[in-house]
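Summary of structural features
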Amino acid sequence: MIQLIFKYEWKSFCRNKLQVVFYIFLFFAGIYAIGYGYREIEKQKATIALIVENEREQFSRITESLKADTTTKEGKAVYMRSVMPGLGRVQHKYNTIFYPTPFTAFSLGQRDLFPYYHKLNSHSLYMQVFKNEMINPQKLLAGNLDLAFVFIYLLPLFIIAMSYSLVSGEKESGAYPLLKTGAVSLRELFAFRMGFRFALTVIPVVLLSFFAAWINKAPFNGLLIAWLAVSVLYVAVWCAMVFLITSFNKTSAFNAVAMLGVWLLFLIVAPAFLNAVSANKYPINQTLISDAIRRVQLDESERGQKEVFEKYYALHPEYKPYHIESPYNLAKLYAMGGEMKDLESRPMIKSYFDQIALRDRFVSSCNVVSPAVQAQQLLNYIAGSDIRYYLDYNRQLAAFHQEIYLFYADPLYKNKTLSENDYAVRPRFLMKMKVEWITIYNGMLMLGGWALVLWGLAYWKMKKI
Amino acid sequence: MYRLILGRALAYFTLVLAVTLPLFLGTFLFLPDFHNGSQDAFSRTMLLFAAYLMYYFLLCTVVVWISALAGNAKSSLLVSLACWVCFVIIIPKAVANISADAYPLISNEVFQSAISEDIRKGIDGHNPDEKRREDLIVATLKKYKVDSLSQLPVNIEGVIMQTAEEYSSKVYDLHFEQVQQTLRNQNKWVSYSAIINPYNAIRNISMGLALTDVNSHIYFQRSAEAYRREYVKFLNDDMTYNSKAGTFFTYKLDENAYAKVPVFKYSYPPVKSALQKNRIELLSLIAGVLVILLVIRYTAYKISVAQ
């Protein structure tokens, strides 16, 4: 029976040119989106390769300059720049990179909004952490046309276009009484017909996902399966939603308006509303952090220096015995000033990032009201472009900065120089990215719950038609 | 038929007006700028209102025209909604993405390296900072007709700082101009898309008139940068004319000097600048209204014959 229904549904689908065009358009949009995501990530990879190469060159120059001929003026200057921690602390740059995963091109998420790399020196962290790549605000406003966009925004429209007259169309064409005389109950018939639409929509999901995986050399692993599962569950939610609206047995025009109303509610109104509420509930005042991100300026007079040293040695008495009057004290002054400024700014910066995290948590806890927001967040999470990874990267970056700071500050305060051995064990950043599967499972469970409840309601309601 | 379509469109337009008119009236009543008698805010709101009237009229007319062409209410609704999705969601995103692909922005790494390189080696690559510094010292000695720095009536450190500041500003201007040109090229595509997409037209006009678009941001940025340069010049000149060489780390401004520091005064770009920058969008909107009226006039006959 199911084969027969699917066969005739396929014929009916092929006869409707508008639907076929939309279906083909979905594939083209998907292929464009895959190409777009791939190009965006390739651009980021090219920038990453450039900064990695620049860092490698920098340290090979440093190693070379440790062997420089110090009898010449130039040789001595170069040598001093490498051995003096007071100079190296501002001149040497260390990369921290948040590498894209093989799945990031699928869903670019927050990847364009937040910086994916930093070039840090040992000076004040907060002066350096808020820098980002240049980007056209018009593009940020429009958002990315990636594969997740095609799945989240366009697939539901296709389902709506195919299904809004599932029952009403039969009534309006006069075929409804005929169908009632068939061997299969109307409820089963319409459920199978909806099943056909579900199967038809899942085809581009699977094909485009595999194509994206192939283009981006993504491995066939748990994440790809999770991506497919979330996308398919999302399609199921929409099919169930459409089936439920259809079960109310209204006219095609009513169904179309109701379905598009739900689409608008889930995809435009709910995200905008959640963002507005979270922004209002957890406000972020950029001007508060503007002081913390400025260059450290200190009073270099004798009295000014004395004040900073006294304050710093009260915090770190272990360095006090090494204090000597020296022309390099300005470097110490700024290193200490930078650390103290960071210490002072830390609660403010922490509250800034806490507010971002709280906003995200709020949206995540409320996204149960919109399967679209839920699915988008899940796809971002699977792709490694979710805000939670960015916040985690930021925490790791701060810890790494502390390592760089000590790498230069410790010998500086102890009046020591840096050697080749020190550079051999210099700090190196490697981001640890942890995927919490429970987040994915919970999200999938929620989407599955939506689909089951909606389908159950629709199936129950269909009994009455 | 032409009159019927137009009459229907006007009826819907009146309904839309019933919703939007109170909103614009509310703007007049509650915006503090109006109470201050700001002519600029008044003309911006009036223009915004006029642009939205055109936009809504265009939408009402197109929707009624589609319903006249479509065989039934179902098709009419579907086509209208498909147009909405295309024009409001898909086209704006696609155009912004394609234009960013066509005119890619350089990375910060490349941008910063190019600036550092130009400052270090000179814009032409043959004028290194050391040489520029030496040339400046020679030129200053010559200007004041003295043989040594100690004989100069000005502090050479101040002169060097100001000249270096001016040179680096030149380099920054050069590179920022390139970036802004890329942004302009990208945004040009968005402007041209307004020819087929009234949503992009009204969005850009809205942002331009409300001073929330990229052009307004760049205008503010330039004003702030001009002020910064003026302020730095004030400080450097003070050092040049009021201190002696070798006092770089010890010279202090007179306590009354800050009273002479110029105050940052910002004035919004004129309204005509927003109109000029969004002229394609404005013309597209006007042309859209005219074209749809012509199209209805031309197709009305066919519609009445077909039905």
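Higher on the page you've got the structure.
Residues numbered from 1 in each chain as written. Chains lettered and ligands numbered in written order. Predicted model: local features only at pLDDT ≥ 70, side-chain atom pairs only at ≥ 80, totals over all residues. Heavy atoms only, no water.

Concerning the overall build of chain A
Of regular secondary structure, chain A possesses 18 helices and two strands. Structurally, chain A occupies a C-alpha span of about 100 × 45 × 35 Å along its principal axes. A total of 465 residues make up chain A; the buried ones form 52% of that total. Long-range contacts, defined as pairs at least 24 residues apart, comprise 83% of the intrachain contacts of chain A with a sequence gap of at least 6. Carbon and sulfur atoms make up 63% of the accessible area of chain A, which totals about 22,100 Å². (Helix = DSSP H or I, 4+ residues; strand = E, 2+ residues; numbered from the N terminus. Buried < 20%, exposed > 50% of the residue type's maximum accessible area, 1.4 Å probe, protein only. Contact = heavy atoms within 4.5 Å. Areas by Shrake-Rupley, 256 points an atom, 1.4 Å probe, with all protein chains shown as cover.)

Digging into the packing of helix α6 (residues 147-163) of chain A against helix α4 (residues 73-102) of chain B
Packing of α6 of chain A against α4 of chain B leaves a shortest axis separation of 13 Å and a crossing angle of 160 degrees. Comparing their axes, α4 of chain B and α6 of chain A come out roughly antiparallel. When the axes of α6 of chain A and α4 of chain B are compared, the crossing they make is left-handed. Facing α6 of chain A, whose interface residues are F149, Y153, L154 and L157 of chain A, α4 of chain B presents V85, I89, I90 and K93 of chain B. Residue composition of the contact of α6 of chain A with α4 of chain B, by class: seven nonpolar, no polar and one charged. (Axes fitted to C-alpha atoms, helices over the stretch in contact; angles between N-to-C directions. Parallel < 35°, antiparallel > 145°, perpendicular 65-115°, else oblique. Left-handed = near helix turned anticlockwise from the far one by under 90°. Nonpolar A, V, L, I, M, F, W, Y, C, P; charged D, E, K, R; others polar.)

Describing the interface of chain B and chain A
Counting residues at the interface gives 33 residues for chain B, matched by 41 residues for chain A. Regarding the contact of chain B and chain A, the summed buried area is about 3,000 Å², with carbon and sulfur atoms giving 67% of it. Contact with chain A buries area across many residues of chain B, yet K74, K93 and E109 of chain B alone supply 21% of it, more than any other trio. At the junction of chain B with chain A, the criterion picks out three salt bridges. (Buried area = accessible area lost by both parts, 1.4 Å probe. Salt bridge = Lys/Arg side-chain N within 4 Å of Asp/Glu carboxyl O.)

Focus: the pattern of salt bridges
A complete count under the given rule lists 26 salt bridges over all chains for this structure. A salt bridge links D237 of chain B to K233 of chain B, with the nearest nitrogen and oxygen atoms 2.8 Å apart. Of the two residues, D237 of chain B and K233 of chain B both sit in helix α9 (residues 214-242), four residues apart, roughly one turn of that helix. Classification of K233 of chain B by relative accessible area gives partly exposed; the value is 38%. Each of R39, E40, K43 and K139 of chain A together with D101 of chain B takes part in salt bridges that share partners, so that together they form one network.

Looking at the nonpolar core
Ranked by size, the top nonpolar core spans 119 residues in total, and within it F106, F190, W238 and W263 of chain A carry the most contacts. Per-element tally for this core: the top contributor is helix α10 (residues 222-246) of chain A, with 17 residues. Setting aside residues up to four positions removed in sequence, F190 of chain A forms contacts with L166, V167, E170, Y176, L179, F243, M462 and I465 of chain A. In this structure, L6, F13, Y55 and A68 of chain B belong to the second largest nonpolar core, which totals 28 residues. (Core = buried A, V, L, I, M, F, W, Y, C linked by side-chain atoms within 4.5 Å.)

Some points on the packing of aromatic side chains
As enumerated under the stated definition, the model contains 57 aromatic pairs over all chains in all. Their ring planes at 90 degrees and their centres at 5.8 Å tell us that Y266 of chain B and Y268 of chain B sit as a pair that is edge-to-face. Cluster of aromatic residues (ring-pair linked, three or more members): F59, Y94, F98, Y393, F400, F407, Y408, Y423 and F429 of chain A. The residue whose ring lies beneath R426 of chain A is F59 of chain A, and the NZ or CZ to ring-centre distance is 3.7 Å. Taking NZ or CZ as reference, R132 of chain B lies 3.8 Å from the ring centre of Y167 of chain B, over its face. (Phe/Tyr/Trp six-rings, centres within 6.5 Å; stacked < 30°, edge-to-face > 60°. Lys NZ or Arg CZ within 6 Å of the ring centre and 35° of its normal.)

Notes on a nonpolar patch on the surface
Together, L264, L265, I268, V269 and F273 of chain A together with W84 of chain B make up a nonpolar patch on the protein surface, roughly 510 Å² of accessible area in all. When residues in the nonpolar patch are grouped by element, the largest group, five residues, is from helix α11 (residues 252-281) of chain A. Relative to the elements of secondary structure, L265 of chain A occurs in helix α11. Taking relative accessible area as the criterion, L265 of chain A reaches 45% and is therefore assigned partly exposed. (Patch = residues over 30% accessible without salt bridge, like charges linked within 9 Å, V, L, I, M, F, W, Y side chains within 5 Å.)

Quick word on the packing of α4 of chain B against helix α8 (residues 198-209) of chain B
Residues and elements named next belong to chain B. Interhelical geometry of α4 versus α8 gives an angle of 80 degrees and a closest axis separation of 8 Å. Considering the angle they form, α4 stands roughly perpendicular to α8. Along the contact surface, α4 presents F87, V88 and P92, while α8 presents Y199, N200 and R203. Looking at side-chain class alone, the contact of α4 with α8 contains four nonpolar, one polar and one charged residues.

Here's the deal with the side chain of N329 of chain A
Positionally, N329 of chain A belongs in helix α14 (residues 329-366). There is a polar contact of 3.1 Å between the side chain of N329 of chain A and the backbone oxygen of I324 of chain A. (Polar contact = N/O pair within 3.5 Å; in protein donor to acceptor, adjacent residues only side chain to side chain.)

Comments concerning helix α5 (residues 108-121) of chain B
The first and last C-alpha atoms of α5 of chain B sit 19 Å apart over 14 residues, in line with the 20 Å expected at 1.5 Å per residue. For α5 of chain B, the set of buried residues is N108, E109, F111, I115 and D118 of chain B. Next to the buried residues of α5 of chain B lie α2 (17-65) and β2 (117-120) of chain A together with α6 (129-143) and α7 (156-193) of chain B. Phi for G122 of chain B, located one or two positions after α5 of chain B, is positive at around 95 degrees. (Expected span 1.5 Å × (residues − 1).)

Things to note about the pairing of strand β1 (residues 94-97) of chain A
All names here are of chain A. With burial as the criterion, each face of β1 is covered, one bearing Y94 and T96 and the other bearing N95 and I97. Two elements, β1 and β2, share four bridges in a ladder whose sense is antiparallel. Residue pairing for β2: N95 is matched across the bridge by K119. (Pairing = 2+ DSSP bridges.)

Some thoughts on unusual backbone geometry
Although it is not a glycine, N249 of chain A adopts a positive phi angle of roughly 60 degrees. Position of N249 of chain A among the secondary structure elements: in the loop between α10 and α11.

Topic: the side chain of T47 of chain A
Among the secondary structure elements, T47 of chain A is positioned in helix α2. Classification of T47 of chain A as buried rests on a relative accessible area of 8%. Contact partners of T47 of chain A, with chain neighbours within four places excluded, come to Y116, Y117 and E133 of chain A together with S107 of chain B.

Examining the environment of A212 of chain A
All names here are of chain A. For A212, the location among the structural elements is in helix α9 (residues 186-215). Exposure remark for A212: the relative accessible area of 2% places this residue in the buried category. Taking the C-alpha atoms as reference, A212 lies 37 Å from R187; in sequence the two are 25 residues apart.

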